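# Tertiary structure, described
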Amino acid sequence: MASRPQVLGDMLVRSRLLSASDRDEALEEQRASGERLGIILLRRGSVSEEGLFRTLAQQLGLPFHRAPLRPDPSAVARVRPDVARRYRLIPLAEKARTLSVAMADPLDLTAVDDLRFETGLRVDPAGAAPSAIGAAIDRHYGDRFAALLGALPPELTELEQDDDAGLQRAARARPVVALVDQLLEEALALQASDLHLEPGPTALRARVRVDGLLRTLASLPPASHRAVVSRIKVMASMDISVRRRPQDGSFAIPRGSGAEGGPVRKFRVSTLPGQGGEKAVVRILDPEQVPRGLSTLGMAPRDLESLRDLVARGQGVILAAGPTGSGKSSTLFGALAEVDLEGLNVVTLEDPVEYRLPGATQVQVDERAGLGFPAALRAVLRQDPDVIMIGEIRDPETAAIALSAAITGHLVFSTIHTVDAPGAVVRLLQMGAPRHLVAAGLAGVVGQRLVRTLCRTCGGRGMVDRIDCAACHAGYRGRTGVFQVLGITTEIRGLIAEGSSAEALARAASASGMRTLAEDGRRVLAEGRTTPTELARVVLGVTGTGRPCPACGAPTPARASGCPACGRSLERRCHCGTEILPPWRYCPTCLRPASPPASA
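Residues numbered from 1 in each chain as written. Predicted model: local features only at pLDDT ≥ 70, side-chain atom pairs only at ≥ 80, totals over all residues. Heavy atoms only, no water.

## Concerning the overall build of the protein
Here is the rule we go by: Starting at the N terminus, helices and strands are each numbered in turn, a helix being any DSSP run of H or I of at least four residues and a strand any DSSP run of E of at least two. We call two residues in contact when some of their heavy atoms are within 4.5 Å. Residue-level accessible areas treat just the shown protein chains as cover; the underlying method is Shrake-Rupley with a 1.4 Å probe.
Within the protein one finds 23 helices and 20 strands. Sequence-distant contacts, at least 24 apart, represent 59% of the contacts inside the protein between residues at least 6 apart. Accessible surface computed for the protein: about 27900 Å², of which carbon and sulfur atoms make up 51%.

## Some remarks on the nonpolar core
Grouped burial of nonpolar side chains is what soluble globular proteins tend to show. Let me state the cut-off plainly: Definition of nonpolar core: a set of buried residues of the types Ala, Val, Leu, Ile, Met, Phe, Trp, Tyr and Cys, connected through side-chain atoms within 4.5 Å. Between buried and exposed lies partly exposed: a residue is buried under 20% and exposed over 50% of the maximum accessible area for its type, with that area taken using a 1.4 Å probe on protein chains only.
Formed by 41 residues in total, the largest nonpolar core has its most connected members in Leu319, Leu428, Val438, Leu442, Val445, Leu486 and Ile492. Per element, the largest residue contribution to this core is 6 residues, and it comes from helix α16 (residues 396–407). By size, the runner-up hydrophobic cluster in this structure holds 36 residues, among which are Leu183, Ala192, Met238 and Val269.

## Observations regarding helix α23 (residues 532–539)
Note the cut-off: It is the directions from the helix axis to the C-beta atoms whose arc is reported.
For α23, the complete set of buried residues consists of Glu534, Leu535, Val538 and Val539. Summarising the axial view, the buried residues of α23 lie within an arc of 100 degrees, below the 170-degree limit, and thus occupy one face. Opposite the buried face of α23, by more than 90 degrees, sit the exposed residues Pro532 and Thr533. Buried positions along α23 lie against β15 (442–454), β16 (476–487) and α22 (517–526).

## Quick word on the packing of aromatic side chains
Note the cut-off: A pair of aromatic rings is counted whenever rings of Phe, Tyr or Trp (Trp by its six-membered ring) have centres within 6.5 Å, and the orientation is called stacked for planes under 30 degrees apart, edge-to-face for over 60 and tilted otherwise.
Evaluated as defined, the whole model comprises 2 aromatic pairs. Taking 6.0 Å as the distance between ring centres and 85 degrees as the angle between the ring planes, the aromatic pair formed by Phe333 and Tyr355 counts as edge-to-face. Of this pair, Phe333 sits in helix α14 (residues 328–336) while Tyr355 sits in the loop between β11 (346–350) and β12 (361–364), and the two are 22 residues apart along the sequence. Side by side, Phe333 and Tyr355 carry an identical accessibility label, which is buried.

## Considerations on helix α12 (residues 225–235)
Among the 11 residues that make up α12, 9 are buried, leaving the element largely enclosed by the rest of the structure. Listed in full, the buried residues belonging to α12 are His225, Ala227, Val228, Val229, Ser230, Arg231, Ile232, Lys233 and Met235. Phi turns positive, to about 60 degrees, at Ser237, one or two residues after α12.

## Considering the sheet that holds strand β3 (residues 122–127)
Operational definition: Only strands joined by at least two bridges in the DSSP assignment are considered to pair. Every axis corresponds to a line fitted to the C-alpha atoms, with the helix fit spanning only the stretch in contact, and the corresponding angles, defined between N-to-C directions, vary from 0 to 180 degrees.
With respect to topology, 3 strands assemble into an open sheet ordered β1-β2-β3, the strand pairing being mixed. At either margin of the open sheet sits one strand with a lone partner, and together these are β1 (89–95) and β3. Between one strand axis and the next, the sheet turns by 25 degrees as a mean value, whatever way the strands run. Where strand β2 (residues 98–103) and β3 come together, 6 bridges link them in parallel fashion. Considered in β3, the bridge of Met103 is made with Gly127. The sheet contacts of helix α8 (residues 130–140) involve β1 and β2, and relative to β1 the element is tilted by about 75 degrees.

## Some thoughts on the pairing of strand β13 (residues 387–390)
Just so we agree on the cut-off: Handedness of a crossover is defined as follows: with both strands directed away from the viewer, a clockwise route from the first strand across the helix to the second makes it right-handed.
Neither face of β13 is open: one carries Val387 and Met389, the other Ile388 and Ile390, and all of them are buried. Two elements, β11 and β13, share 4 bridges in a ladder whose sense is parallel. When the sheet's bridge partners are listed, Thr348 is paired in β13 with Met389. By the bridge criterion, 4 bridges tie β13 to strand β14 (residues 411–416) in an arrangement that is parallel. Bridging from a neighbouring strand, Ile390 pairs with Ser414 of β14. A crossover links β13 with its parallel partner β14, the connecting element being α16, and its sense is right-handed.

Don't take any of this as a statement about function, it's just geometry.
Dropping the structure here:
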């Protein structure tokens, strides 16, 4: 991308493709991270892909080609498919010994030199959106897997289940290596978080998880199953002879010199024996996706301010709460990015360590080696820490140690699996954490979910009108967070210490200003960033800890004063509007006698 990001940002603002405030926030993030401005803007959803790359071409004084790209077939024939895919380019036309080429990164001199060497022609680069180039490559070079599958050695069908030597040879065969590389490249191009290789009776199904949902990438011949999985295991330094028990491994590969730049991509591999053979899942870890601060998460301004206030106190346990895949780790790393890593001793306990945090000591916990979270946490507390991040609170021992550390002046971040923020308090108590520790040590909880955002290129029309948008899948591209921030107030501490019900905690949290996930989801919807269907898919029913109506048994929202099904009053309220709690006999606001609860 551009080598002068400040100029690029100014050009985008002048073209009214970017607001000045979004530019300034992205530049602030860039100064802290060193990332290219374009990458930051795309990740934040501040600018459309086409608008960004059109401006980049303008900055470089190059022509820009909009989608769909229509290359000359004779020009396409000049460049091999693997070269076009590797450098993300498409030849457009050949004229006067010059090859015009649309490139995602026109500044990639390695790609230009390789093209010049391969074709014997001068190369005239032009700009285009990467999604448009990818669509043109698929359209003009045919099925990306057809040639690779045709080159697979026929002896794969004759491999015996226990032929370890044959599997070793197959895993290193050039066609198998090329096929696995292509699967990984496709997953990376789609910005997938995981690649699933699932054996079946009629095909090896390759699926990718994009924006939280699985979609089929390719169906491969069943005979390729053992060779493909063995290749993955070889890359991850796993034992290919072990097929009847799970294994874990990892590997890393360079990201190349193209438009996306960067050091390496990391991959974590897990295998699991199944009825039809081993299933392999490859988790794709991108260091550039680590949030550089809390402002990148998509929080409402008041929630962002509340969370930053909790972090600035420098003491207490702050939890990120939600199900698997709800972005909890991103929230923790976003908070850690705003901590003074230079002046404080920051230690993280993770299982496993996925992202590098410069300036912090990161510890890989290993239960089999006797270094579980409780043991590691005790050791860390002897290391004079200021800030501790615990990957997950899973057991009462870890919870008690973390809360005790918070009481003695440490700032502790962790995650917990609960439905919402108030539910995290209940979960800690259910684990067996003492009430007095939870009341004194817990500083706040961030409940969260991730919802898919509308594609900025087609405006979501890929979903509504079923148009062929190369930049998205069914009208969505990327995700943003839906949050609720619960700060533990003096009143809530008292309720925790008294052992109050989940309903009372939820009502007190609401009175202190906490919104439900559904309410924050409506904010994202009002901003035009998602759809009612997507919001309902992710957040429907997550409105807080509720209770059944004593009259009809219907579920009621946590903050409801009456049952929406039968209309029964669920609260005692004075004429002045103040809620009357048992065993009060008088209103604390106006001192009127408390009226009895309404009957059904």
